[in-house]
Amino acid sequence: MKQEKLRKLLNDMSLEEKIGQLVQLSGEFYKANDISLGPQQKLGITQKIVDLSGSVLNVTGAKATKEVQDHQMSVQPHHIPMLFMADIIYGYKTVFPIPLGLGATWDPELVRKGFNIAADEGSAAGNHVSFAPMVDVVHDARWGRVLESPGEDPYLNSVFAKSMVEGFQDKLKDGAGQVACVKHFAGYGGVEAGREYNTVDMSISNLYQNYLPPYKAAVDAGSKMVMSSLTSLNGVPTTGDKWLLDDVLRKAWGFNGLIISDYASIYELIKHGFAKDETDAAHKALNATVDIDMKSPCYAKRLQELVTDGKLDETKIDEATWRVLLLKNELGLFEDPYRSVSEEREAKSILSDSKRKVARELADKALVLLQNKNGILPLKKDEKIALIGPYANEKLLLGMWAVHGDPNTSVTIAEGIKEIAGDNLKTAKGTDLIRDAHLLKEIGYFTDEEIDKMISSEKVEQKNNDEAVKIAQTADTIVLTLGESTLEAGEAGAKTKLTLPENQLHLIDRLSKLGKKIVLITISGRPLVLTNVVDKVDAIIEAWFPGTEGGHAIADILYGKVNPSGRLTMTFPYAVGQEPIYYNHLSTGRPQVGSQHVGRFVSKYLDAPVTPLYPFGYGLSYGSSEYKDLKLSSHKLTRNSSIKVKLTVKNTGGYDRREIVQLYIHDQVASIVQPVKRLIDFKAVKVPRGQTKEVEFEIKASELTFYDNLGRDYLENGDFDVFVGKSSADCLKETFELSE
Ligand code: BGC
């Protein structure tokens, strides 16, 4: 539709109709169109509001979206099509590893391909918008939502923000893409103590330096939508934060797309104590330029009275409505409200072989080999394997935010191994995943009766243990699959204990006494504390929630079909009490190494090391390699020049390797204290066995800027350390000086 025609449409719309475009309800409001449904009454939503609303949340499937679209088109006075939005966070039906695993691939191009696939499946199923990428920087493994983020590093999250947004939107014009909606703006990952929905309070320099860059990268990559967060930032709930949304996002960054609230977050301005009632909440959110109210009654019920009472200028509503209409028009919905949606396309698109192949490749690269004592991995085809643990035959490998995925389509670990090991494989459950009734109750989805059934009796548990020991005794190698349940990680999955539960530890204890080789595969949505198991097992593979092709990928790594190359993008703590722990922390006045103080009066813990169990950037591959000959093209950098950083990477072992060569800097002296290290670049380099490769980086002065507490960026002359290495804790070092 031409812009003039669209303008005319806006002018012809009643105030009520315009407000409808700013309201987003969820699927249950449209099923059978029954106004007697509970949530409607609870929110005070009338059928009229339902009929006038402009978008809907989490209705998916070509058939279901068509039905809602048909209805909506028939009841809307101006036949304005509906926008369908859904949480397609890391795959729709073909589910990839959780984003923390996608981060560990250090392969933004492959992730982009993955998001092309998610968008293809999602759009075929009638969804126009994905509520992703989630690029909150995460520092605290207690927070369940670390699962949804690529990790703790602002640079790396920015790289993935771009590839994910492009992945969604690449094919938008052809009807095979989806609009990206970056979230949760801003700083949600900084929730205090890792407690869900808790306060976020941080310095402005920290916000600009660490938290904002990934969202900015998503906006720069063209993300057409942004979602505000559920939390407050420095005392202001972000959904009502005019400074953050209007001054920073729209004016300073030039974002002219749609801002949507998070689920009920406009209403929650009242609970935050930031708005006095629904009217005040609606006023504050609209004033902050939030266009769409997701799942709260505030816009639907209160905007009209604000205008008629003369408290709100109707042009504010026009501006927001205009942005909604623009997006609908850009998607071509006025010409074809059903776009490229059909049940045939959907059936063809979903879970095709080529899509599964990408899911497998992503999972192959996402798995991180954390330990491999005496090189016990890879396994040999003819070894007798006892695959033990609650995940051995489990299909629930998708993780909490794969809300549209079907676990029945995923490959189990046993199925994956069986394809290689054949009759050499025996499996046993060994123990329950969770035996803690209180935890199961708090998870919130199960009745008491269901919980009773989920926890085996002591007798059955003992029998499961014994069976595991029995098959282990006849095996060459034990492969143990332990970890957390899908519902322990993800939204509202905050925890204070990050070790494996006691029943799982007990099983490890029993099996470790058999004197057999043990490989532990951890399934988790977060870094676990593995300190108390590293000495009891030989090898450890962090497999996250690996997705639809998880079982195949785990077998690929176990048997060396693929040499593991995943590297952690979030620190694995030594003890939960170290949280929040992240590699790019600021320098302190009394570092444990290098302080003039010795012994007690340095920055440390009395009962645990200050270092993590596994640092950011860490991961093993089969074989070995050596990084050497780090050289700079110059030890002087001026503002308009650059320096080249070169090193040699030598494959010194018997396997082809994919090296993730990481480049960090440290600003030795600055007017704002700087991180001890910060990643500014990386290269994934294939080095075949027996070969040596030269790796080269370029450092430009613009990569050395930092922010002050007014959000201004600075570049200060002085000395910098350059580190290049295999992880944030294993680097070669050089120095250079920046001058005018
Ligand atoms: C989450 C968002 C999600 C939304 C819609 C909220 O609870 O915080 O990430 O997009 O629900 O499902």
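Now for a description of the structure that goes with this document. (Residues numbered from 1 in each chain as written. Predicted model: local features only at pLDDT ≥ 70, side-chain atom pairs only at ≥ 80, totals over all residues. Heavy atoms only, no water.)

What follows covers the sheet that holds strand E11 (residues 368-372). Judged by pairing direction, the sheet is mixed, and its six strands sit side by side in the order E11-E16-E15-E14-E12-E13 without closing on themselves. Each edge of the open sheet is held by one strand with a lone partner, namely E11 and strand E13 (425-428). Going across the sheet, the axis of each strand differs from the next one's by a mean of 15°, ignoring polarity. Note that strand E15 (residues 517-523) and strand E16 (residues 539-542) share four bridges and pair parallel. Counterpart to Val519 in the pairing with E16 is Ala539. (Pairing = 2+ DSSP bridges. Helix = DSSP H or I, 4+ residues; strand = E, 2+ residues; numbered from the N terminus. Axes fitted to C-alpha atoms, helices over the stretch in contact; angles between N-to-C directions.)

With that out of the way, let us pick up the pattern of salt bridges. Side chains that carry opposite charge are capable of pairing whenever their charged atoms lie near each other. Taken as a whole, this structure holds 49 salt bridges when the rule is applied. Ionic pairing is found between Arg356 and Glu549, a salt bridge with its closest N-O pair at 2.6 Å. Linking Arg356 in helix H16 (residues 353-366) with Glu549 in the loop between E16 and helix H22 (550-558), this pair joins segments that are 193 residues apart in sequence. In terms of burial, Arg356 and Glu549 fall into one category: buried. Taken together, the salt bridges that share partners define one network made up of Lys429, Asp432, Arg435, Glu458 and Glu461. (Salt bridge = Lys/Arg side-chain N within 4 Å of Asp/Glu carboxyl O. Buried < 20%, exposed > 50% of the residue type's maximum accessible area, 1.4 Å probe, protein only.)

Now for H22. Of all nine residues making up H22, nine are buried, and the element is well covered by its neighbours. When we look at burial in H22, the residues that qualify are Gly550, Gly551, His552, Ala553, Ile554, Ala555, Asp556, Ile557 and Leu558. On the buried face of H22, the contacting elements are H16, helix H17 (413-421), strand E14 (477-483), E15 and E16. (Contact = heavy atoms within 4.5 Å.)

The next thing to look at is the nonpolar core. Nonpolar side chains in soluble globular proteins generally cluster together in the buried interior. Counting 200 residues, the largest nonpolar core has Phe185, Tyr299, Leu303, Leu377, Ile388, Leu480 and Leu558 as its most contacted members. Here this core takes eight residues from helix H9 (residues 204-220), the largest share from any one element. Aside from chain neighbours lying at most four places away, what touches Ile388 is Ala428, Lys429, Gly430, Ala468, Ile471, Ala472, Ile478, Val479, Leu480, Thr481, Leu507 and Leu511. (Core = buried A, V, L, I, M, F, W, Y, C linked by side-chain atoms within 4.5 Å.)

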